Amino acid sequence: MTDFASLLVPDRGQKARAIHLVDKGSFVSWLKKRPAEDRALLEAHRFDGKTPYAFAILPRGSEFEVVATVKNAEDLSPWCLAALAEKLPEGLYKLADGGPGIASLGWLLGQHRFDAYRSKPKDERGPRVLVTGEAAKIEEMLRLAEATALVRDLVDTPAADLGPAELEKAAADLANRSGAQLRVTTGGELAEGYPLIAAVGAAATLERAPRLIELEWGKPEDPRIAIVGKGVCFDSGGLDLKQPSGMRIMKKDMGGAAHALALAGLVINARLPLRLHLLVAAVENAVSGAAYRPGDVVKSRKGLFVEVDNTDAEGRLILADALAKAGEDNPDLIVDFATLTGAARTALGPDLPATFVNRDDLAAELESAAREVDDPLWRLPLWEPYDEDLKSSIADMSNTSGNAMAGAIYAALFLRRFVPEQIPWAHLDTWAWRDPGKPGRPKGGDALGLRAVFAMLERRYSSP
Ligand code: BES
Ligand code: ZN
Ligand code: ZN
């Protein structure tokens, strides 16, 4: 893991290169106050303060300062320093005016590399260190960067090296670090208690056994919350096999589990006064003689019989048992993360996790936290009239609607049947992926909606 703590350090008067952030509105007045050499240089480079995320080097003897454009110099976005962190030479830097605030996140993540599969690192430069006067914020920003990097690294790791056992290991690492309790259910006990997880994982039982990974942390008397993640370590589609193009990035189908683990880490590190219950349903949706089939009927943990219309709608099946278990302890709140449907991407594109919430006040809290921390998401409806389409001719319900429309809504309605009605619940159908990349956010695994949910939890549960 990148050593983020060496990249964001408190201001103790170290000598650091100044970074001047300008925007369309402030550039001209800023320029007027600059020495003539700066003005001549910027004019020669046609630096007009308008092109977002452009920067120029302003020589100062053998050293230099930097000017860079941002969209809004008064209200920095998390990513506005990322291109600088990626491109500047190694050394110490400091913003000329004010603190970086949330923008230090992009500074940190702009320097995160996933080099596990390179024979030599892609970037041999030394660290670009940001000196900041906001000492109190450093810890918080480091934790957010670490959580985001954890999601990216887990998602980017090829399925060959990240199966259910490795997800368990990631949860065990967190448990060991934090004194949380870990419980893993596999084998006959899984078949007995979590039949849907066992069914989806059946094809790979021998090689990559399915499991429910649970972690409990916090004082029993604090409000209980459950965080649930879809951990499909590779989604081939099962026997309703995916097309090659659709299968290509399915190593990322454990992205929900990665978000859930990272969120649990954030809650624990911030010591939020909560009783945390993390549930990760970890399987590989593979193909073998033992695979579950279209047309099979499985009796779920909750007792509802589910007919499998399509084995590629596997995420909702494993989540159904995990959500049922989460609900049994009557938590104050359940949040789940899942790379659940292609339809959510068709509807909202890559940036916006489709968010389904069974309470308007919780949805409002989530939306305002998301706006505040600049980690957007978008609410879609749990549209009641569609619920009846999840019917089966022989069982209580089917795992699809059988029609091609509103796929993300049907998946969410399916999940809702396993969540007790009285429990506030938010479901994030997220992509956990980015393509193409952007500054600070390379192509590949990414955390989407993670900071928003954490901010909502902080506001809801922080002791005053
Ligand atoms: N893991 C996929 C969803 C997915 C696909 C997420 C592409 C992100 C990008 C999920 O298990 C799946 O295959 N869903 C099907 C459901 C369908 C068979 C009802 C889908 O979305 O096509
Ligand atoms: Zn699938
Ligand atoms: Zn899937």
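Up top you'll find the structure we're talking about.
Below: a short report on this structure. Since this is a predicted model, take the numbers as computed values, not measurements. (Residues numbered from 1 in each chain as written. Chains lettered and ligands numbered in written order. Predicted model: local features only at pLDDT ≥ 70, side-chain atom pairs only at ≥ 80, totals over all residues. Heavy atoms only, no water.)

As for the pattern of salt bridges
Here the structure, examined in full by the defined rule, presents 33 salt bridges. A salt bridge links glutamate 214 to arginine 183; the nearest nitrogen and oxygen atoms lie 3.1 Å apart. One end of the pair, glutamate 214, is in strand β8 (residues 211–217); the other, arginine 183, is in strand β7 (residues 181–185), and 31 residues separate them in sequence. Judged by relative accessible area, glutamate 214 falls into the buried class, the value being 1%. As a salt-bridge pair, glutamate 328 and arginine 301 come within 2.7 Å of each other at their nearest N and O atoms. Highlighted residues: glutamate 328 in helix α11 (residues 315–328) and arginine 301 in the loop between β11 (297–299) and β12 (305–307), separated in sequence by 27 residues. Overall, glutamate 328 belongs to the partly exposed group, its relative accessible area being 46%. (Salt bridge = Lys/Arg side-chain N within 4 Å of Asp/Glu carboxyl O. Helix = DSSP H or I, 4+ residues; strand = E, 2+ residues; numbered from the N terminus. Buried < 20%, exposed > 50% of the residue type's maximum accessible area, 1.4 Å probe, protein only.)

Topic: the sheet that holds strand β3 (residues 55–60)
Taken together, the six strands give an open sheet; going across it, the order is β1-β6-β5-β2-β4-β3, and neighbouring strands pair in mixed fashion. The open sheet terminates on both sides in strands that have one partner only, identified here as β1 (8–10) and β3. When the angles between neighbouring strand axes are averaged without regard to direction, this sheet yields 30°. Inspection of the sheet shows strand β5 (residues 91–95) paired to strand β6 (residues 128–132) by four bridges, in the parallel sense. Note that in β6 the partner of tyrosine 93 across the bridge is leucine 130. In this fold helix α2 (residues 36–44) packs onto β3 and β4 (63–69), with an angle of close to 145° to the strand it touches most, β3. Against the sheet, helix α5 (residues 135–156) contacts β1 and β6, and its axis sits at roughly 160° relative to β1. (Pairing = 2+ DSSP bridges. Axes fitted to C-alpha atoms, helices over the stretch in contact; angles between N-to-C directions. Contact = heavy atoms within 4.5 Å.)

Focus: the coordination of the zinc ion (ligand 2)
Here the zinc ion (ligand 2) is held by Asp235 (OD), Asp312 (O), Asp312 (OD) and Glu314 (OE), and the distances to it run 2.0 to 2.2 Å. Between the six donor atoms coordinating the zinc ion (ligand 2), the angles at the centre fall across 72 to 168°, so the site counts as irregular. Within one chain, the residues donating to the zinc ion (ligand 2) are spaced in sequence as D-x76-D-x1-E. Between the two metal centres, the zinc ion (ligand 2) and the zinc ion (ligand 3), the spacing is 3.2 Å, with aspartate 235 acting as a shared donor. (Donors = N, O, S within 2.8 Å, 3.2 Å for Na, K, Ca; no water. Tetrahedral: all angles 85-135°; square planar, octahedral: opposite > 155°, others 65-115°.)

Re the pairing of strand β9 (residues 224–235)
For β9, the tally of buried residues reaches eleven of twelve residues, placing the bulk of the element in the interior. Where β9 meets strand β10 (residues 275–285), ten bridges bridge the pair, whose relative direction is parallel. By the bridge assignment for β10, glycine 231 is matched with alanine 282. Judged from the five bridges that link them, β9 and strand β13 (residues 333–338) form a sheet pairing that is parallel. Paired with isoleucine 225 across the two strands is leucine 333, which belongs to β13.

Notes on empty space enclosed by the protein
Summed over the entire model, instances satisfying the criterion amount to one cavity of 30 Å³ or more. Each pocket or cavity is described by its volume, and for the largest cavity that value is around 40 Å³. Contributing to the lining of the largest cavity are Tyr53, Ala54, Phe55, Ala68, Thr69, Val70, Cys80, Ala83 and Leu84. Elements represented by at least two residues in the lining of the largest cavity include exactly β4 and α3 (82–87). For the lining of the largest cavity, the class distribution of residues is eight nonpolar, one polar and no charged. (1 Å grid on protein atoms, 1.4 Å probe; cavity = no way out; pocket = protein on both sides within 12 Å on 5 of 7 lines; lining within 4 Å. Points joined across faces, edges and corners; volume = space filled by probe spheres on them. Nonpolar A, V, L, I, M, F, W, Y, C, P; charged D, E, K, R; others polar.)

A few points about the packing of helix α13 (residues 360–372) against helix α15 (residues 450–461)
Packed helix pairs are characterised by how far apart their axes lie and by the angle those axes make with each other. Here α13 crosses α15 at 115°, and the two axes come no closer than 8 Å. The handedness of the crossing between α13 and α15 is right-handed. Judged by residue contacts, Leu362, Glu365, Leu366, Ala369, Ala370 and Glu372 of α13 engage Ala452, Val453, Ala455, Met456, Arg459 and Arg460 from α15. (Left-handed = near helix turned anticlockwise from the far one by under 90°.)

Considering the sheet that holds β10
Pairing is mixed in the open sheet, where eight strands are placed in the order β7-β8-β10-β9-β13-β17-β14-β15. In this open sheet, the two strands that pair with only one neighbour each are β7 and β15 (378–379). Where strand β14 (residues 354–357) meets β15, two bridges bridge the pair, whose relative direction is parallel. Across the sheet, alanine 354 pairs through a bridge with tryptophan 378, a residue of β15. α11 rests against β7, β8, β9, β10, β13 and β17 (425–429) of the sheet, and its axis sits at about 160° to β9.

With respect to the packing of aromatic side chains
Scanning all chains against the criterion turns up eight aromatic pairs. With a centroid separation of 5.7 Å and 55° between ring planes, the pair formed by phenylalanine 27 and phenylalanine 47 is classed as tilted. Highlighted residues: phenylalanine 27 in helix α1 (residues 27–32) and phenylalanine 47 in the loop between α2 and β3, separated in sequence by 20 residues. Its relative accessible area of 5% is what places phenylalanine 27 among the buried residues. (Phe/Tyr/Trp six-rings, centres within 6.5 Å; stacked < 30°, edge-to-face > 60°.)

Looking at the site of ligand 1
The environment of ligand 1 is formed by 16 residues, the closest being Lys242, Asp253, Asp312, Glu314 and Gly342. Side-chain polar atom of lysine 230 to an oxygen atom of ligand 1: 3.2 Å apart, as the coordinates give it. For ligand 1, an oxygen atom lies 2.8 Å from a polar atom in the backbone of glycine 342. Of the pockets mapped on this structure, ligand 1 occupies the second largest pocket. Looking at the shell around ligand 1 residue by residue, the class counts come to three nonpolar, five polar and eight charged. (Near = heavy atom within 4 Å. Polar contact = N/O pair within 3.5 Å; in protein donor to acceptor, adjacent residues only side chain to side chain. Sits in = over half its atoms within 2 Å of the grid points.)

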